[in-house]
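Notes for the structure review
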Amino acid sequence: MATIYTVSQISAYTKQTLERDSVLRDLWVSGEVTNLARPGSGHAYFSVRDGNATMGCVMFRNSRGMRYLKNGAEIILHGRVSIYEQRGDLQIIVDIAQPEGVGELQLQLEQLKLKLEEQGLFDKSRKRELPRFPKKIAIVTSPSGAVWHDIQNVVRRRYPLVELAIAPAPVQGADAAPAIAEAIEAAGSEPGVDVIIVARGGGSLEDLWAFNEEAVARAIYACPVPVISSIGHETDHTIADDVADLSAPTPSSAAERVVPDRAELIAFAVGVAQSMDAAISRQLAAGIDRTQQLDRRLQNAMPDLDTLRMRIDDRLSAAHRILTHTITLNAERTSGLKLRLDTLNPYDTLRRGYAIVQRRDDCSVVSAGSQVNAGDALDITLDDGKIEAEVMTARSDNERS
């Protein structure tokens, strides 16, 4: 039984078959533009025809050569044949458009640009900043050309501190591209190189073709240090310019961009010095003013030492007077107490003929006859000595009466 397919299956199979074909997926087609439409999406839908056939085309926005699309324009297209499955339309997906009459070299150039762009070699996010103060610059160019001398003159005038090293390479001819690529690789691996300039003077597309070769583009892309491309005059543009970290319109311009201007540096240094001097002067003035303010505050806060000295003298004199008066009063009180003590001194009584009688056994004072008995031993203290005595008889005043 025969296999039955859906329309979608047939459409998908046809598309896959077309897109696998080595011829149909890499075509250059010439013809006249008709039925051009540009919707708001920015894409272009049109047909291309010759005297016998017409084929639909679509060119997505930002594709190379979109500006050449006009009804009636004779153009050369590059793209691949595919099928729009929803309608089953056979069409060419165009990625490059060039006016009819463009040479083969230009078409090759556009095709290589498209390839390298898709691989990210032109991506702006990978562009590196140039060093502000390079110490060593390598120049990839012909040592016999005027470019090498022009770059030396510009660099020596602007920033003579930098070291220049030439990586010699032919800049024109069939063998130029591999030699330039090799020189870029050698310069990038040389110790101390901070940046590389790839340069040559102006010329025709054929003269500059070495700088449109894939080998040179990939050497610039793989270089470990930033690369400045300066190929031809201001109107010339090569693939090397697209891949390089910076594109300069002329070799002299590249030399000016890669090094600072010493005159500007000197002016900047002078300006910084003047600014620093002014800032230091302001700081010194502010410091002096602050010091003077603190000095005035300190002077105002200082005590009156002369007055304090006189106050101390006054208080010392008053203290001396009080102390002297206190000593005198205490001396007088002491003398009075002494007189009172002298009056109460029992030995003064003895001088007047009295005696102190004490029991010998316990030294107690005998003040009455009833305190002793006959036979008790007594000590009698007189003014000039003692008498030992024994009681013969004892009686009190009551007994006498």
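Located above this text is the structure these notes cover.
The text that follows walks through the structure, step by step, so that each part is easy to find. It should be emphasised that the depicted structure is a prediction, and the values quoted were computed from it without experimental measurement.

Some words on the overall build of the chain
- If you tally the helices and strands in the chain, you get eleven helices and 13 strands.
- Here the C-alpha radius of gyration of the chain, 63 Å, is well above what a compact globule of 401 residues would show, namely 21 Å.
- Residue pairs in contact within the chain that sit at least 24 positions apart in sequence constitute 60% of those at least 6 positions apart.
- When the accessible surface of the chain is summed, it comes to about 25400 Å², and 53% of that surface belongs to carbon and sulfur atoms.
- Charge centroids of the chain, computed over 45 positive and 55 negative side chains, lie 6 Å from each other.

Considerations on unusual backbone geometry
- One non-glycine residue with positive phi stands out, namely Asn35, at about 55°.
- Position of Asn35 among the secondary structure elements: in strand β1 (residues 27-37).
- The class for Asn35 is exposed, based on a relative accessible area of 58%.
- The phi torsion at Cys363 lies on the positive side, around 60°, for a residue other than glycine.
- Mapping Cys363 onto the fold places it in the loop between β11 (356-359) and β12 (377-382).

Points about the sheet that holds strand β4 (residues 74-84)
- An order of β1-β2-β3-β5-β4 is seen for the five strands of this closed barrel, with the pairing classed as mixed. Pairwise comparison of adjacent strand axes, ignoring direction, gives a mean angle of 55° for this sheet.
- Note: β1 against strand β2 (residues 44-49), four bridges, orientation antiparallel. Bridged to Glu32 within β2 is Arg49.

Comments concerning the nonpolar core
- If you look at the biggest cluster of nonpolar residues, it comprises 36 residues, and the most contacted ones within it are Val140, Ile180, Ile184, Ile196 and Val198.
- When residues in this core are grouped by element, the largest group, seven residues, is from helix α4 (residues 176-189).
- Excluding residues that lie within four positions of it along the chain, Ile196 makes contacts with Ala138, Val140, Ile184, Ala187, Gly188, Cys223, Val225, Pro226, Val227 and Ile228.
- By size, the runner-up hydrophobic cluster in this structure holds 19 residues, among which are Val147, Leu164, Ile228 and Ala248.

The rules behind these values
Residues numbered from 1 in each chain as written. Predicted model: local features only at pLDDT ≥ 70, side-chain atom pairs only at ≥ 80, totals over all residues. Heavy atoms only, no water. Helix = DSSP H or I, 4+ residues; strand = E, 2+ residues; numbered from the N terminus. Rg over C-alpha atoms; globule rule 2.2 N^0.38 Å. Contact = heavy atoms within 4.5 Å. Areas by Shrake-Rupley, 256 points an atom, 1.4 Å probe, with all protein chains shown as cover. Lys, Arg positive; Asp, Glu negative; His and termini not counted. Charge placed at Lys NZ, Arg CZ, Asp CG, Glu CD. Buried < 20%, exposed > 50% of the residue type's maximum accessible area, 1.4 Å probe, protein only. Pairing = 2+ DSSP bridges. Axes fitted to C-alpha atoms, helices over the stretch in contact; angles between N-to-C directions. Core = buried A, V, L, I, M, F, W, Y, C linked by side-chain atoms within 4.5 Å.

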